[in-house]
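Chain residues, written in single-letter form:
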Amino acid sequence: MAEPVSTLPLARSASSSWKGPVAIGILALVILAVGSVSLPTFLVNNMIRAFLYAAVALTVDVLWGYTGILTFGQSAFFGIGAYAAGLIFTHEGFSWSLAAAALAAGLGVSWVVSRAVGWLAFYHGASPLYASVVTLVLPIVLVQGIYSGGEFTGSSSGLSGFDSIDIPLEAWFFIAGALLTVLAVTAWLFVRSDAGRLLVAIRENESRCEYLGIDVSRYKARLMDICAVIAAFAGFLFACVQMVVAPEYAGFVFGTELVIWVALGGRGSLIGPIVGAMLIDVGSAYLSGNLPYIWTLLVGVAFVVVIVAMPRGLAPVVASAVRRAVPRRRGTAPRPVAFLAAKPREKADADATRPALSLTNVQKHFGSLKVLDGISFDAHAGELLSLIGPNGAGKSTLMRCIADGAERSSGRVTIGGTDIGKLAPYDCVALGVGRKFQTATVFESMSVAEALRIARHRVSPPSKWKRDATLELPQPALDVLRLTGLDRIPERECRYLSHGQKQALELAMVLALEPRTVLLDEPTAGLTKQERTQIGEIFVALSSQYRMCLLLVEHDLEFVQQISSRIIVLHQGRIVMDGGVHDVVHSDLVRAVYAGETHAAENAA
Amino acid sequence: MKAIPTLIRQAGTLVMLAMASHAVLAADPVKIGVPVGLSGANSVVAPSVVQAAQLAVDEINAKGGILGRQVSLEVADDGSGAAGAQKAFDSLIFDKKVNALISMETSAARNAGLPIVTRGKVPFIYTSFYEGRSCNRYMYVDAWVPDQQVAPIVDYFVKQYHAKTFFLIGSDYAFGRGMLDFTKTYIEKQGGKVVGNEYLPMDGSDWTPIISKLQGAKPDAIITSTAGGAPNVTLTKQLRAAGVRVPYGNLAVDEGTAKSMGVDAEGIYISGSYVTNIDTPANKTFMAAMQKRFGSDLKTPNDLSVPEYEAIYLYKAAVEKSGSFDTAKVIPALAQVSFDGPRGTIQMSKQRHTPLTMYLGQVQANGSVKVIQSFKNVDPGAQCPALK
Amino acid sequence: MLNLGLDIATTAAILFIVSAGLLMVFGVMKIINFSHGAFLTVGGYASVIVAHAGLGWWWSVPCALAVGFVLGMLVERFIVRPLYARPLDAILATWGLGIIVGQIITLIFGRGVQMVASPVDGAVPFLGTQYSAYRLILVGVAVLVALALGWLVNGTRLGLQTRAVIMNEALARGLGISSARVRFMTFCTGAALASTAGCLITPLASVDPNMGVPWIVGAFMLVLVSGSSLVSLAVASLVLGGAQVLVSTFVNPVLGGLTIAVLAAVLLRFRPEGFARG
């Protein structure tokens, strides 16, 4: 799901104030008002359509450019809104109450259809390809339904000649333009805000988001619902001003055209798709008459070239040219975020007697291959439990079984006394477990502070329209940041961090969840000796000082010996030993299992 | 003191400018807008339509134009669909400011353009056959509607082949359904029975289940109304491949496609208001003129392009009758004028539509169409009772 | 009843032939080649060219194979290879390519519908009923294609390497298999297959610049429910193709046209592996 080329370093504006975008919005409204009366009628007509298309293109950008959901189906929602108006005005006539009913119907039906699409396409483990397929099938089915509707829906000819809201074209120009402006400003504020960063986080690393307690599927579905309703509203207005609806407005050719406009204009930039949609639509009115076949060919070639060679589209090219031409007067350095200590949410020793983690007869098999068999143990708060064993013993699988309810084949896992059943990772996080992956997975194009704020999403939802200057983190996370120096570089992008820094950041992110149990999958892989010592100290502090239960998968026996309070040895999917450090390290069994490493264990002892 | 000669000189310049511009205005050409499907589904037939329009305009200009003004054509691409039509109609009416729109469209394009025609208050002559009952204050139609096209085929099948049971096949869109609904009603009125009425999506190419049903129903005759182009060809091919040889009337195939279908098309009956070998002096003159004007680039005139030619002449007649280009005067005049063209006498006097001579033809082995019967003055029926 | 059975068998055969090329590409490269429709169209026009040259129809098959293969080479090199890490973008780029190819074909051949004479005409008696001869032949062709592909994948060295890459690309590369070459050959073969399929369906359909488009979504859904197995594709073609025929015959053909897409989408929701073994 992480697409390397799509980690676009989106330009972030200097101030987090909402005044900028709103001021630009008001200016745009003024220009619209002036333009509505001064532009020639032909251009006014065309631009009304272009505004509404651009509004829909904006939703495609939010869904695809920012969140990574490739959708061909926004045209279907546009069509639903348009046909709601067309059908009611044709069969029932026009009145203001009927118009309100049509609008309600259009928005309502869109919302229901979007829920259905969301149920089909967004669930834990769904592939993005499948989601795109569903959005492709939607307009096909809808258009076929329209064709089959005979005279009721107008079939292939569409519906025309119905009465509609009787206001002059200039007023429509302003209304359509105002809709686009309001949408653009709102979207701009949202994607810049702290909550908006989640879109990019999902696009870059959906799995990490799930393990940070975010119900990604539900979020995507909600986002699509909102975009569907917006597209339907644009479609409704379209039908009202054009007084015609036709199946092609709901079809997948239009749906793919929207994607093409967004790709060409510049995905993930908001202004790119708006300009792209308007330029191509208005331009085609002028040019397609002169070059009917070449026009489509040119657009096709430009599209392929952009996707292959310039995936960010043309907007960044234009933006950098503008930036070079117009020197910024103010400094571009964003205001650094300050980290503060958060008040602990839960009482530290809520239930010290109940085990933090309890496994009973957990099994995992792939077909006939048994990877885990009869795993049973309890772990308590304050324990630093290390899981060792040769490769292929099933250690990572065991970690997954604890953090993801759907992973194991049978057996029981309880976290903090609650059976995780078949819960998805984000629900397991809610029960108090945090998992740190083997390879450091953070959000490449985000800054340290932004990544940490995403981690706090579940605990303290970020603002949907502004950027906070402070971020509260629990003390353990702050300790990790201070110890590794990350608290001094909150604005550095994660892609520029060293491997050790990424490991530390991911650990801080997991700790930001305020878990009671932390699963650490080979945390010392790739670290220098000094970093290893540092992180070992942190782990010890987490378990002894903060009373967390730590479960560590490790290969470095020396490291394990130094910090653990208890060691479990896994071999061929079974627990072969479970006891104190000294007993395990000096046992014959372990020596046999780790044939080559007994020397190191003996020498250290 | 010195200012007065300057003033007079300035005034004189102004007067001369005014006279010159008036002279320029007087020579302003009459613009006829032709929004047509240069791309999209109609792009196969669009060139022939443009050619027919060009010939009409050239001939009219050679004889002095309309009311002393030369005529010029403005062609725009409507993409054969609603979105493109809106752009094309907008461009022609509000940007190029044409005096009239005369063209053929798909129904979706026509419906999308009508609100713009109403807003722009420009006469619009629709030159394509269609499913009927489209009405607009500014629109006239000089092509046929189902009421005119279906009867010849059904009557012939009943009389010649004693057909009692019919199987109807169509593409699932407005024209296909409209034609076959009318056909079904007409057949039942004549005492026949419809034993099957099946539709495939417009872009469908696999007629297998329908053909199987047809073979099960064993009808005396088949009548089809599929979308133009590929569906016609695929259906015919698959029917022949399945060995179906009952009398086959195709409501939606033109001469050109029939010719290109080769041996599979032999025996198909078609009905229309124009075939190239109509034996009248008017058609022969028209064909000769087209051949001379376009030579080897000539696109075969057909039932979609010849009405365009005649419509331009009808517009000329209406303007001359009303003495002005003013829409309010031209619209009523269009119902009163007539023109003798390759298809016979055309007068759009029946609720904006025109009685036509319909020809029943059969495709021969060499691809040409032999005229079997002709029906004069077939009435279009009640198309727009609300308009007069 | 027999007719219905034959309808199902022949429809499944046609679907299999059309989708086999797409399956190869998806199985190995995990991308959906949305220009599949364009390759079908290219194959159709290959038979037009052969017909214009006066050669017998059966020459179209090798001609289509060759043209498809060459075109596949160009596409893989310039469009698919740079997008290996971006599968969703690969869908878009191949879709754009399909548009481009369609426009170029229109420019060269015009937008009109072309006819290609069928090599085998009319219906023949078969098991007591009259049935279209060509459709019956296609069942045989489908079996041939399946056998040929099966031999290619299971009986040749390249096939073995391909299977290795499908199962575990990183490991295969670690063992010295050039996965780039495997993917290149796979794509070219898939494209050649698509082109051949296009020429094989011309006797039943017409040739026009958009002839491939209606097949894309159906083939695409069939491949998604088949994973990377030829056997699953055959099963899917029979089951979903059969459903399409049944719905078209007993309900109406409009819903029938939607059957494959809708059924496949719902099936994948509950069983993401589709018909492939889990």
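Just so you know, these numbers come straight off a predicted model, no measurement behind them. For every chain, the first residue of the written sequence is number 1, and numbering continues from 1 along that sequence. Naming scheme: in the order in which they are written, chains are lettered from A and ligands are numbered from 1. Totals for whole chains, interfaces and linings use every residue, but because this is a predicted model, local features are given only for residues with pLDDT of at least 70 and side-chain atom pairs only at 80 or more, for both listing and counting.

Caption draft 1: Highlighting the overall build of chain C. Counting its secondary structure elements, chain C contains eleven helices and two strands. The helix and strand labels rest on DSSP assignments: H or I over at least four residues marks a helix, E over at least two residues marks a strand, and numbering proceeds from the N terminus. In chain C, the succession of α and β elements from N to C terminus is α-α-α-α-β-β-α-α-α-α-α-α-α. For 278 residues, the compact-globule estimate of 2.2 N^0.38 gives 19 Å, and the C-alpha radius of gyration of chain C, at 18 Å, lies within 12% of that figure. Burial analysis of chain C (278 residues in total) assigns 57% to the buried set. Here the analysis covers contacts within chain C between residues at least 6 apart in sequence; of these, 77% occur between residues at least 24 apart. Here the globule rule is a power law, 2.2 Å times the number of residues to the power 0.38, and the radius of gyration is based on C-alpha atoms. Partly exposed residues are those falling between the two cut-offs: more than 12 but fewer than 20 other C-beta atoms within 10 Å of their own, whereas 20 or more means buried and 12 or fewer means exposed, with C-beta atoms placed from the backbone. Throughout, a pair of residues is in contact if the C-beta atoms placed from their backbones lie within 7 Å.

Caption draft 2: Region of the structure containing the interface of chain A and chain B. Across the contact, 27 residues belong to chain A and 26 residues belong to chain B. Here the side of chain A that touches chain B is composed, by residue class, of eight nonpolar, 17 polar and two charged. Under the convention adopted here, Pro, Cys and the residues Ala, Val, Leu, Ile, Met, Phe, Trp and Tyr are nonpolar, Asp, Glu, Lys and Arg are charged, and Gly plus all remaining residues are polar.

Caption draft 3: A look at the interface of chain B and chain C. Taken together, the contacts link 29 residues of chain B with 29 residues of chain C. Among the secondary structure elements, those contributing two or more residues to the side of chain B that touches chain C are strand 7 (193-200), helix 7 (208-217), helix 8 (230-241) and helix 9 (255-260) of chain B. Grouping the amino acids of the side of chain B that touches chain C by side-chain chemistry returns eleven nonpolar, twelve polar and six charged.

Caption draft 4: A look at the environment of B:Lys184. Mapped onto the secondary structure, B:Lys184 falls in helix 6 (residues 174-189). The sequence separation of B:Lys184 and B:Phe166 amounts to 18 residues, and the corresponding C-alpha distance is 8.8 Å.

Caption draft 5: How the structure looks around helix 10 (residues 216-242) of chain A. Residue and element names in this part refer to chain A. Between the first and last residue of a helix there are one fewer steps than residues, each counted as 1.5 Å, and that sum is the expected span. Its 27 residues place the ends of helix 10 38 Å apart at the C-alpha level, agreeing with the 39 Å of an ideal helix rising 1.5 Å per residue. Buried residues dominate helix 10, accounting for 21 of its 27 residues. Looking one or two residues beyond helix 10, the residue adopting positive phi is Met243, at roughly 55 degrees.

Caption draft 6: The domain arrangement of chain B, seen in detail. Residues and elements named next belong to chain B. When its domains are assigned, chain B resolves into domain 1 (30-144 + 278-354) and domain 2 (147-272). Start and end points for every domain follow an automatic or database-based domain assignment. For domain 1 versus domain 2, the distance between C-alpha centres works out to 29 Å. Across the boundary between the two partners, domain 1 contributes eleven residues, which contact twelve residues of domain 2. Partitioned by chemical class, the residues of the side of domain 1 that touches domain 2 number five nonpolar, four polar and two charged.

Caption draft 7: Structural context of the sheet that holds strand 9 (residues 433-436) of chain A. Residue and element names in this part refer to chain A. Pairing between strands is defined by DSSP: at least two bridges between the two strands are required. Taken in spatial order, the six strands make up an open sheet running 9-11-12-6-13-14, and their pairing is mixed. At either end of the open sheet lies a strand with only one pairing partner, and these are strand 9 and strand 14 (574-579). For this sheet the average axis-to-axis angle between neighbouring strands, irrespective of direction, equals 15 degrees. Two elements, strand 11 (residues 517-521) and strand 12 (residues 549-553), share five bridges in a ladder whose sense is parallel. Bridge pairing in strand 12 links Val518 to Leu550. Structural elements are reduced to axes, namely lines fitted to C-alpha atoms, with helices fitted over the stretch in contact, and the angle between N-to-C directions of any two is expressed from 0 to 180 degrees. Lying on the sheet, helix 15 (residues 395-403) is in contact with strand 6 (384-388), strand 9, strand 11, strand 12 and strand 13 (566-571); it crosses strand 11 at an angle near 150 degrees.

Caption draft 8: The arrangement of the packing of helix 3 (residues 82-95) of chain B against helix 4 (residues 107-120) of chain B in detail. All names here are of chain B. In the contact formed by helix 3 and helix 4, the axes pass within 8 Å of each other and the chain directions differ by 30 degrees. The pairing of helix 3 with helix 4 is recorded here as roughly parallel in orientation. You can see that helix 3 and helix 4 cross each other, and the crossing is right-handed. Taken together, the residues of helix 4 that come into contact with helix 3 (itself represented by Ala82, Ala85, Gln86, Phe89, Asp90, Ile93 and Phe94) are Ala108, Ala109, Ala112, Gly113, Ile116, Val117 and Gly120. The residue makeup of the contact of helix 3 with helix 4, split by class, is ten nonpolar, three polar and one charged. Any angle that falls under 35 degrees is termed roughly parallel, while one over 145 is termed roughly antiparallel, one within 65 to 115 roughly perpendicular, and all others oblique. Handedness of a crossing is defined here by the sense of rotation of the near helix relative to the far one, left-handed for an anticlockwise turn of less than a right angle and right-handed for a clockwise turn.

Caption draft 9: Structural view of the confidence of the model for chain C. Taken as a whole, chain C shows an average pLDDT of 88; of its residues, 99% reach a score of 70 or greater. Note on the complex model: pTM 0.89, ipTM 0.89. Think of pLDDT as the predictor's per-residue confidence, scored from 0 to 100.

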